[in-house]
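Structural features, examined
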Amino acid sequence: MLSRKTLLTIFILLALSPIFGVILAEKLGYHEPLDLVAEELGLSEFEFTWTPLKDYVVPGLPDWLGYMVCGILGVLVIMFIGFIIKAMVRR
Amino acid sequence: MHIPDGYLSPPVAGITLLLTLGVLLIAIRKISSSKEALSEKISLFTALSAGIFVAQMIAWPIPGGTSLHLIGGALIGILIGPWLGILSMALVLLVQCLIFHDGGLTAIGANILNMGVIGVLAGYMVFKIVYRATRKVWLSSFLAGWLSLALAGLMCGIELGISWSSTLPIYVMALWHTVLGLIEGLITSSVVSYIVIKSPKIVGWF
């Protein structure tokens, strides 16, 4: 369904993702503008969650590996949904 | 820019959800009207959705207190058109929210509205207008990426501002995203220019 080139590009990005998403983020402190707003206004996130994979962490795996596993899972779910849409359109 | 649960007031969360559902329905109607066009673009839709999901995981922390990653709204709008683009961003944001709790369930309407609807439509429209006027792909896609992120950030700030009766989120979100948008513009421009050179057929109007 996806060309080899596309899959290779996605795989390379996935392999690189923990460098930026986990290692550098921890070293330099991950912070986005929304966090600055939350700090100023004293907002805090609700504690509840519905997934064991919150924030791209897999329980029991090191963060960098969990991040990659989550990336692969997300790509597979999107490809599966794309596949279903394709099958529906062809009908 | 993914708003978590607890950051938006219930009225803002509700109104943004309704608006988003309305736009998603329009988008589904628009793309279902031409099954042939959809069938042609569906593989590209899947590839780009997966690509944007992964690209959003590559966050680049900037020393001094912020970080950036591609949002991709302008990019996808330019490459597969606004309606499929909106649906692609909605798919990515839903997967991020439901499986990885990236963005809150109560804020899903606002998140899709900011990054999916405004990000895609603004990017697409800016690209179209500037391209018609200048015929320069790199310039049109750069401005599209830049303004798409700046407007998405502004909208996010407005939602937070209304929720907490404060103007601070509007200034902070708009200013930061206007600056970070320059990098969104550079990435959008590089990818679109590359694709136009490599396989011009992908982009409908070339």
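Residues numbered from 1 in each chain as written. Chains lettered and ligands numbered in written order. Predicted model: local features only at pLDDT ≥ 70, side-chain atom pairs only at ≥ 80, totals over all residues.

**Thoughts on the overall build of chain A**
As a reminder of what qualifies: By the criteria applied, helices consist of DSSP H or I runs no shorter than four residues and strands consist of E runs no shorter than two, each listed in order from the N terminus. The globule rule used for comparison is 2.2 Å times the number of residues to the exponent 0.38, while the radius of gyration itself is calculated over C-alpha atoms.
Along its length, chain A carries three helices and zero strands. The linear arrangement of helices and strands in chain A, starting from the amino end, is α-α-α. Scaling as 2.2 N^0.38, a compact globule of 91 residues should have a C-alpha radius of gyration of about 12 Å, whereas chain A reaches 17 Å, well beyond that. Taking the principal axes of the C-alpha coordinates as reference, chain A spans close to 50 × 30 × 30 Å.

**Considerations on the environment of glycine 6 of chain B**
Threshold: We call two residues in contact when their backbone-placed C-beta atoms lie within 7 Å.
Following the sequence through the fold, glycine 6 of chain B ends up in the segment before helix 1 (10-32). Through-space distance from the C-alpha of glycine 6 of chain B to that of leucine 18 of chain B is 18 Å; in sequence the pair is twelve residues apart. Setting aside chain neighbours within four positions, we find glycine 6 of chain B in contact with Leu43, Ser44, Glu45 and Phe46 of chain A together with Gly104 of chain B.

**Some points on the packing of helix 2 (residues 33-41) of chain A against helix 7 (residues 168-198) of chain B**
For clarity, the cut-off: Note on geometry: axes are C-alpha line fits, over the in-contact stretch for helices, and angles between N-to-C directions span 0 to 180 degrees. Angles below 35 degrees are treated as roughly parallel, those above 145 as roughly antiparallel, those between 65 and 115 as roughly perpendicular, and all remaining angles as oblique. For any helix crossing, the convention is left-handed if the near helix is rotated counterclockwise from the far helix by under a right angle, and right-handed if that rotation is clockwise.
With their axes 9 Å apart at the nearest point, helix 2 of chain A and helix 7 of chain B run at an angle of 160° to one another. Here helix 2 of chain A is positioned roughly antiparallel relative to helix 7 of chain B, judged by the angle of their axes. Crossing angle aside, the handedness with which helix 2 of chain A passes helix 7 of chain B is right-handed. Between helix 2 of chain A and helix 7 of chain B, the residues in contact are Pro33, Leu36, Val37, Glu40 and Leu41 of chain A and Leu168, Pro169, Val172, Met173, Trp176 and His177 of chain B, respectively.

**A closer look at the interface of chain A and chain B**
Note: interface size is frequently given as the accessible area lost on complex formation between the parts. On the chain B side, the residues contacting the 50 residues of chain A number 45 residues. Taken together, the elements giving at least two residues each to the side of chain A that touches chain B come down to helix 1 (4-28), helix 2 and helix 3 (63-90) of chain A. Take the side of chain A that touches chain B: its biggest share by element is 14 residues, from helix 3 of chain A.

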